[in-house]
Amino acid sequence: MTVHLERATLTEGVPVMYADQGEQVRAAYDPAQIEEAAALAWLCISIPRLVRDGFEVAYTTA
C-alpha cells in the first residue's frame, strides 16, 4: 500500500485531508498546523489497515 503525501496550505482547523483509493491513499498535511510524523500517525488511526498491511510513503508536490 502506498501513501502519496504532500504538503499543502489547508483551511485552519483541518491539518490533514486524505482520499482512500484502495491500495493508494492520497493525503495532504499543512506543516503550519501539524508535523509530518503526526500526520502519518493520524492517517494510521483513521485508516487502520495501514498499520495492519504496512505502507510506504511517496512524496508528491502540489
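So, here's what we can say about the structure. (Residues numbered from 1 in each chain as written. Predicted model: local features only at pLDDT ≥ 70, side-chain atom pairs only at ≥ 80, totals over all residues. Heavy atoms only, no water.)

## Here we look at the overall build of the chain
- Within the chain one finds 2 helices and 4 strands.
- Against the 2.2 N^0.38 benchmark of 11 Å for 62 residues, the chain shows a C-alpha radius of gyration of 11 Å, consistent with a compact globule.
- In terms of overall dimensions, the chain has a C-alpha envelope of 30 × 20 × 15 Å along the principal axes.
- The long-range share in the chain, meaning contacts at least 24 apart out of those at least 6 apart in sequence, stands at 39%.
- Carbon and sulfur atoms make up 53% of the accessible area of the chain, which amounts to about 3,900 Å² in all. (Helix = DSSP H or I, 4+ residues; strand = E, 2+ residues; numbered from the N terminus. Rg over C-alpha atoms; globule rule 2.2 N^0.38 Å. Contact = heavy atoms within 4.5 Å. Areas by Shrake-Rupley, 256 points an atom, 1.4 Å probe, with all protein chains shown as cover.)

## Quick word on the nonpolar core
- Judged by nonpolar contacts, the single largest core of 14 residues is most densely connected at Val3, Leu5, Val16, Tyr29, Leu43 and Leu50.
- Of all the secondary structure elements, the ones that give two or more residues to this core are β1 (2–7), β3 (24–29) and α1 (36–46).
- Not counting residues within four places of it along the chain, the set of residues in contact with Val16 comprises Leu10, Ala28, Tyr29, Ile34, Ala39, Trp42 and Leu43. (Core = buried A, V, L, I, M, F, W, Y, C linked by side-chain atoms within 4.5 Å. Buried < 20%, exposed > 50% of the residue type's maximum accessible area, 1.4 Å probe, protein only.)

## Some words on the packing of aromatic side chains
- One pass over the full model with this rule turns up 1 aromatic pair.
- Both rings, one in Tyr18 and one in Trp42, keep their centres 5.8 Å apart while their planes meet at 70°; by these two values the pair is edge-to-face. With Tyr18 in strand β2 (residues 16–21) and Trp42 in helix α1, this residue pair connects regions lying 24 residues apart in the sequence.
- Taking relative accessible area as the criterion, Tyr18 reaches 35% and is therefore assigned partly exposed.
- Owing to a relative accessible area of 35%, Trp42 belongs among the partly exposed residues under this scheme. (Phe/Tyr/Trp six-rings, centres within 6.5 Å; stacked < 30°, edge-to-face > 60°.)

## Some thoughts on the sheet that holds strand β4 (residues 56–59)
- With mixed pairing, 4 strands are arranged side by side in an open sheet as β2-β3-β1-β4. Edge positions in the open sheet fall to β2 and β4, since each of these has one partner strand only. Pairwise comparison of adjacent strand axes, ignoring direction, gives a mean angle of 20° for this sheet.
- In the packing of α1 onto the sheet, contacts are made with β1, β2, β3 and β4, and the angle to β2 comes to roughly 45°. (Pairing = 2+ DSSP bridges. Axes fitted to C-alpha atoms, helices over the stretch in contact; angles between N-to-C directions.)

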